[in-house]
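# Fold and contact review
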Amino acid sequence: MKDYILAIDQGTTSSRAIVFDHSGAIVSSGQKEHEQIFPQAGWVEHDPHEIWTNVREVVGLALTKADLTHEDIAAVGITNQRETAVVWDKNTGKAVYNAIVWQDTRTQKIIDKLGGDDGADKYKDRVGLPLATYFAGPKVMWILENVEGAREQAEAGDLLMGTIDSWVLWNMTGGKNGGVHVTDVTNASRTMLMDLTTLSWDESIAADMGIPMSMLPEIRSSAEVYGQGRRGGMLPEVPIAGILGDQQAATFGQACFEVGMAKNTYGTGNFMLMNTGEELVPSKNGLLTTVCYKIGDKPAIYALEGSIAVTGSLVQWLRDNVGLIKTAPEIEDLAASVDDNGGAYFVPAFSGLFAPYWRSDARGALVGLTRYVKAGHIARAALEATAYQTAEVLDAMRADSGVDLTELKVDGGMVVNDVLMQFQADILDVEVVRPKVAETTALGAAYAAGIAVGYWDGEQDVIDNWAEDKRWRPDLDEDERARMMRNWKKAVTKTMDWVD
Ligand code: ADP
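Attention in this report is confined to the structure presented alongside it. (Residues numbered from 1 in each chain as written. Predicted model: local features only at pLDDT ≥ 70, side-chain atom pairs only at ≥ 80, totals over all residues. Heavy atoms only, no water.)

## Points about the layout of surface pockets
Taken as a whole, the second largest pocket encloses approximately 570 Å³ of empty space. As for the second largest pocket, its lining consists of 27 residues, and the residues nearest its centre are Gln-108, Lys-109, Asp-112, Thr-133 and Ser-360. Class assignment of the residues belonging to the lining of the second largest pocket gives a composition of 12 nonpolar, 8 polar and 7 charged. (1 Å grid on protein atoms, 1.4 Å probe; cavity = no way out; pocket = protein on both sides within 12 Å on 5 of 7 lines; lining within 4 Å. Points joined across faces, edges and corners; volume = space filled by probe spheres on them. Nonpolar A, V, L, I, M, F, W, Y, C, P; charged D, E, K, R; others polar.)

Structure (structure tokens):
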């Protein structure tokens, strides 16, 4: 028996490779950031070739740090930033354009045109998603419409499209020399092109978007052997056996296997997913219906999701664009230098507003300012924004599912922040729980791959390995909580109708 599982976590800001042992503990890891490209207001791109180079580099780092080779690895799992779309030439392996990132809003006009008289909910019954700039299909449509020669090449069958999982898998398994062109059900469920019930591509939606079927990857489960690492690569013959979009991977790694269990990830954005079992629950309150995971031949498990575009990236923005802090962790001390938000509310609608509003026309607002407000209050308002947005998503989750959460499992880069986590418990009036292994995204992908090859027996191993690290209990007066939520909602109304 080989001793370890390797997870590749290709995230929005960085790529990570993490080696896990049988207890689900981290043995070693490698990480590298990639460039964020902002060619115009509202546009966000990544260079897919840089991403692929970084993936190889971090895999090499993770292996050499622990003195391991491919022979020690039983299987590889891939998890990825979702919705980000790549279109490439299958004969040369070259991308025809940069990857268009999930936060990018350039497809607004395409979205409006696709919706026509039916509006944003045109495809919602089939794909579980409202028409929004967030999703992958319209990004591919934009590339075909705007990159010279792309449409002709696509129609000739020379181009492939994929979310980042497909791009990484295709390259890992040989690229132009026989690379496997596959995606998993969770990533496919973020394209607007997959029918949630049949788990296959909806040809009529693809036709509406002008995307030839020959471009689309084959849709497979989240845990099965898709292919092997290419000969001559770093992981020759190692089975690649798990793919989950990052948020679904975190839900898996947090052992949310029962109906009604939920997790919230605090990264660049925030994403709360609640397991709804084999039942597809349509949302009436601005949430998404999506695939949670599918283990091999077992039935698909669905989820309700509340996606928030900007949470941790507001901290980055205060650091990089404003210079309020020098490092992300400094925001905690600055926020702790004051007792409250001083009346300031910061709605970071930088990519419009996602759940539960879905308003692409919204833009950010900092309101409630007086001469009293200091840097500390702004830092606090920025952290509070994450918690209020989460509170609105949790309310929608309760309304859609009828489940009253007794605790919220959290993970992601922001959950080291005590001020934020305490305020989150306060404003939700729900206990907030952080697990010992905070890298739940990579862990979830590792579990999916490990289960597929028999390294782990199944979900019970994930449950047994999960352990609590810290718990925050609510401690805020009910009237005060209600007042702050009221002010927040008022602030949100100030962000709408900014884009004509
Ligand atoms: P992703 O997987 O989306 O790339 P991570 O889970 O690595 O993101 O989280 C990184 C985010 O967390 C960044 O946006 C960063 O600004 C934020 N962050 C990191 N440390 C802190 C902190 N101590 N307090 C608040 N936010 C933080």
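## A few points about the site of the ligand
Lining the immediate environment of the ligand, one finds 16 residues, of which Thr-13, Thr-268, Gly-312, Gly-413 and Asn-417 sit closest. Measuring from an oxygen atom of the ligand, one finds a side-chain N or O atom of Thr-13 at 2.7 Å. With respect to the ligand, the backbone of Gly-413 contributes an N or O atom lying 2.9 Å from an oxygen atom. Relative to its unbound accessible area of 580 Å², the ligand is 83% covered by the protein chains. Of the residues contributing to the shell around the ligand, the split by class is 6 nonpolar, 9 polar and 1 charged. (Near = heavy atom within 4 Å. Polar contact = N/O pair within 3.5 Å; in protein donor to acceptor, adjacent residues only side chain to side chain. Areas by Shrake-Rupley, 256 points an atom, 1.4 Å probe, with all protein chains shown as cover.)

## Some thoughts on the sheet that holds strand S18 (residues 301-308)
The 7 strands lie next to each other as S17-S18-S16-S15-S21-S22-S23, forming an open sheet whose pairing is mixed. What marks the edges here is a single partner per strand, and that holds for strand S17 (288-293) and strand S23 (468-472). Strand-to-strand, the axes of this sheet are offset by a mean angle of 30°, without reference to chain direction. With 5 bridges connecting them, S17 and S18 associate as antiparallel partners. In the strand pairing of S18, Thr-290 is matched with Ala-303. (Pairing = 2+ DSSP bridges. Helix = DSSP H or I, 4+ residues; strand = E, 2+ residues; numbered from the N terminus. Axes fitted to C-alpha atoms, helices over the stretch in contact; angles between N-to-C directions.)

## Brief notes about the packing of helix H12 (residues 375-401) against helix H13 (residues 418-428)
Running from N to C, H12 and H13 cross one another at 40°; their axes reach a closest spacing of 9 Å. In terms of orientation, H12 and H13 fall into the oblique class. Our pair here, H12 against H13, has a crossing hand that is right-handed. On the side of H12, the interface is formed by Arg-380, Leu-383, Glu-384, Thr-386, Ala-387, Tyr-388, Thr-390, Ala-391, Leu-394 and Arg-398, while H13 contributes Val-419, Leu-420, Phe-423, Gln-424, Ile-427 and Leu-428. The residue inventory of the contact of H12 with H13, partitioned by class, reads 10 nonpolar, 3 polar and 3 charged. (Parallel < 35°, antiparallel > 145°, perpendicular 65-115°, else oblique. Left-handed = near helix turned anticlockwise from the far one by under 90°. Contact = heavy atoms within 4.5 Å.)

## Things to note about H13
Most of H13 sits out of view: 9 of its 11 residues are buried. Residues of H13 that are buried: Val-419, Leu-420, Met-421, Phe-423, Gln-424, Ala-425, Asp-426, Ile-427 and Leu-428. Of the residues that open H13, the one with a side-chain oxygen 3.2 Å from the backbone nitrogen of Val-419 is Asn-417. (Buried < 20%, exposed > 50% of the residue type's maximum accessible area, 1.4 Å probe, protein only.)

## Concerning the nonpolar core
In globular proteins that are soluble, nonpolar side chains generally tend to be buried together. Ranked by internal contacts, the top residues of the largest apolar core, which has 137 residues, are Tyr-134, Leu-193, Met-215 and Phe-252. Residues in contact with Met-215, not counting those within four places in the same chain, are Val-87, Val-140, Leu-144, Ala-154, Leu-159, Leu-160, Met-161 and His-181. In this structure, Ala-62, Leu-169, Tyr-226 and Leu-235 belong to the second largest nonpolar core, which totals 33 residues. (Core = buried A, V, L, I, M, F, W, Y, C linked by side-chain atoms within 4.5 Å.)

## What about the sheet that holds strand S13 (residues 223-228)?
With mixed pairing, the 6 strands of this open sheet are ordered in space as S3-S2-S1-S5-S14-S13. Two strands bound the open sheet, and with one partner strand each, they are strand S3 (26-33) and S13. Strand-to-strand, the axes of this sheet are offset by a mean angle of 25°, without reference to chain direction. As judged from the 7 bridges shared by strand S1 (residues 4-10) and strand S5 (residues 73-80), these two strands associate in the parallel manner. Looking across to S5, one finds that Ile-8 is bridged to Ile-78. Of the strands in this sheet, S1, strand S2 (14-20), S3 and S5 touch helix H1 (residues 48-65), which is tilted by about 150° from S3.

## Observations concerning empty space enclosed by the protein
Inspection of the entire model under this criterion finds 3 cavities of 30 Å³ or more. Space inside the largest cavity adds up to approximately 60 Å³. What lines the largest cavity is simply Ile-308, Leu-353, Phe-354, Ala-355, Pro-356, Tyr-357, Gln-389, Glu-392, Trp-488 and Val-492. Counting only elements with at least two residues in the lining of the largest cavity, the list comes to H12 and helix H16 (478-493).

## So, the environment of Ile-463
Along the polypeptide, Ile-463 turns up in helix H15 (residues 459-465). You can call Ile-463 partly exposed: its relative accessible area is 39%. For Ile-463 and Gln-254, which are 209 residues apart along the polypeptide, the C-alpha to C-alpha distance reads 8.1 Å. Setting aside residues no more than four positions away along its own chain, Ile-463 makes contact with Ala-255 and Phe-257.

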